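Structural characterization, general
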Amino acid sequence: MTTPAFQDTRSVAIGPALALLFNATVWGLAWLPFKALQARGLHPVWGTAGVYVLALAALLLWRPQGARALATHPRLWGLAAAAGLTNVCFNWAVTAGDVVRVTLLFYMMPVWSIGLAWLLLGERPTRAAALRLALALAGVVLVLWRPGLAWPLPQSGADWLALAGGFCFALTNALVRRWRDTPEDGRALAMFCGGLGMATVLALAGAAGPWPGVPWSALPWVLVLTVGFLGGNLALQYGAARLPAQVTALIMLSEVVIATASSFVLGAAHPTPLVWVGGALIMLTALLAVRR
């Protein structure tokens, strides 16, 4: 009787792990369709708004109860804003900048998590957290370093967007943990509303220029992103709810590997040796955070 039970446990674990890997793959390859859209005249902020219009409509048709949950838990609009800025900043950054550099700066997320967990969750940083912070800061110095410059500061809008996106990602995770008593459907809908809302606000504010229209050649890429983001979000919720948080975080780090490998092979990134070393330190920080 023990063998079938053991086999069943393994089969249950494999499904959530594959779901998380699918989500990581979606985000690790998202730079490719966004760059394709930009090449067709569609700014990534407008592209994000268009994708989330379709994804939000599909989600409401499938899970209309999410609207009721969102209406009865107004604090979820804070989650919507954080998640929306995460998406806009990351999508814009990987389109405008070097994909490897942007992804590494985005994954400074464990650094931001230390302060946010202290502020929002009352989790005081430990000595191990201080060590991770030092390692991550050393890594980001190497990633940002440019010969001849006095200070290793962000050098482009893409750098700033990547750092801001990572901060908003850490804030999103902290808010999900703080408001974990809210309905899952409401949280999912809040994230999609945030993606649409923040992209639309920035676009209408002039960040992306005037609405260029959507050329027919861009529609397949928009649909690919819509299906990918919708499926990836649902896969993340399915997997994260069934695996320990440390396992979830470890699997999600595969996004960095996927983004790095794909962009390097396709010529969308040209990392220097210092970037590789700095990236290794940032990844080490993330791995230490997972194993804490």
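Residues numbered from 1 in each chain as written. Predicted model: local features only at pLDDT ≥ 70, side-chain atom pairs only at ≥ 80, totals over all residues. Heavy atoms only, no water.

The number of helices and strands found in the protein is 14 helices and 0 strands. In sequence order, the protein lays out its α and β elements as α-α-α-α-α-α-α-α-α-α-α-α-α-α. The proportion of buried residues among the 292 residues of the protein is 47%. Long-range contacts, defined here as pairs at least 24 residues apart, represent 88% of the contacts in the protein between residues at least 6 apart. Working note: accessible area of the protein is about 14,200 Å², and carbon and sulfur atoms make up 72% of it. (Helix = DSSP H or I, 4+ residues; strand = E, 2+ residues; numbered from the N terminus. Buried < 20%, exposed > 50% of the residue type's maximum accessible area, 1.4 Å probe, protein only. Contact = heavy atoms within 4.5 Å. Areas by Shrake-Rupley, 256 points an atom, 1.4 Å probe, with all protein chains shown as cover.)

A few words on the side chain of Thr86. Structurally, the position occupied by Thr86 is in helix α5 (residues 76-96). For Thr86, the side chain forms a polar contact with the main-chain oxygen of Ala82, separated by 2.8 Å. In this structure Thr86 touches Phe106, Gly165, Cys168, Phe169 and Thr172, once residues within four positions along its chain are discounted. (Polar contact = N/O pair within 3.5 Å; in protein donor to acceptor, adjacent residues only side chain to side chain.)

The biggest cluster of nonpolar side chains holds 69 residues, and the ones touching the most others in it are Leu37, Leu104, Leu105, Met108, Phe192 and Phe229. The contacts of Phe229, once residues within four sequence positions are left out, are Val26, Trp27, Ala30, Phe34, Val51, Tyr52, Asn91 and Phe192. Grouped together as the second largest cluster of nonpolar side chains are 5 residues, Ala24, Leu243, Ile251 and Met252 included. (Core = buried A, V, L, I, M, F, W, Y, C linked by side-chain atoms within 4.5 Å.)

Attention now moves to the pattern of salt bridges. If you walk through the whole model with that rule in mind, you get 3 salt bridges. Of the charged contacts in the structure, one is a salt bridge between Arg63 and Asp185, with a shortest N-O distance of 3.1 Å. A residue pair is termed long-range when its members are at least 10 positions apart, and Arg63 in the loop between α3 (44-62) and α4 (65-72) and Asp185 in helix α10 (residues 184-204) qualify at 122 residues. On the accessibility criterion, Asp185 (19% relative accessible area) is buried. Asp159 serves as the salt-bridge partner of Arg101, at 2.8 Å between the closest nitrogen and oxygen. Of the two residues, Arg101 sits in helix α6 (residues 99-106) while Asp159 sits in helix α9 (residues 157-178), which places them 58 residues apart along the sequence. Accessibility classification places Arg101 together with Asp159 in one group, the buried group. (Salt bridge = Lys/Arg side-chain N within 4 Å of Asp/Glu carboxyl O.)

Running from amino to carboxyl end, α4 crosses α10 at an angle of 85 degrees, the nearest separation of the two axes being 8 Å. As summarised for this structure, α4 and α10 are arranged roughly perpendicular, according to the angle between their axes. On α10, the residues touching Gln65, Gly66, Ala67, Ala69 and Leu70 of α4 are Asp185, Gly186, Leu189, Ala190 and Cys193. Its residues assigned to classes, the contact of α4 with α10 comprises 6 nonpolar, 3 polar and 1 charged. (Axes fitted to C-alpha atoms, helices over the stretch in contact; angles between N-to-C directions. Parallel < 35°, antiparallel > 145°, perpendicular 65-115°, else oblique. Nonpolar A, V, L, I, M, F, W, Y, C, P; charged D, E, K, R; others polar.)

Per-residue confidence for the protein gives a mean pLDDT of 82; residues scoring 70 or more make up 89%. With pLDDT under 50 throughout, residues 1-12 is counted as low confidence; its partners more than four residues away or in other chains account for 0 contacts. (pLDDT = per-residue confidence, 0-100.)

Once that is clear, we can look at the packing of α3 against helix α11 (residues 219-240). At a closest axis distance of 9 Å, the pairing of α3 and α11 adopts a crossing angle of 50 degrees. With respect to α11, the axis of α3 lies oblique. Between α3 and α11 lies a crossing of right-handed hand. Residues Val51, Tyr52, Leu54, Ala55, Ala58, Leu59 and Trp62 of α3 touch α11, and the partners they reach there are Val222, Leu223, Leu225, Thr226, Phe229, Leu230 and Leu234. Residue classes in the contact of α3 with α11 are distributed as 13 nonpolar, 1 polar and no charged. (Left-handed = near helix turned anticlockwise from the far one by under 90°.)

A few words on α10. An α-helix turns once every 3.6 residues. As a result, residues three or four positions apart point the same way. For α10, spanning 21 residues, the distance from its first C-alpha to its last is 30 Å, which sits close to the expected 30 Å at 1.5 Å a residue. Positioned one or two residues after α10, Gly206 has a phi angle of 100 degrees, which is positive. (Expected span 1.5 Å × (residues − 1).)

A full pass over the atoms with the stated rule returns 10 aromatic pairs. Seen from their ring centres, Phe90 and Phe106 are 4.9 Å apart, and the 55 degrees between their planes marks the pair as tilted. Taken as a pair, Phe90 in helix α5 and Phe106 in helix α6 lie far apart in primary sequence, 16 residues in all. Phe106 matches Phe90 in its accessibility class, with the two residues each being buried. Here Phe106 and Phe169 contribute two aromatic rings whose centre-to-centre distance is 5.5 Å and whose plane-to-plane angle is 15 degrees, an arrangement assigned as stacked. With a gap of 63 residues between them, Phe106 in helix α6 and Phe169 in helix α9 connect regions that are remote in the sequence. (Phe/Tyr/Trp six-rings, centres within 6.5 Å; stacked < 30°, edge-to-face > 60°.)

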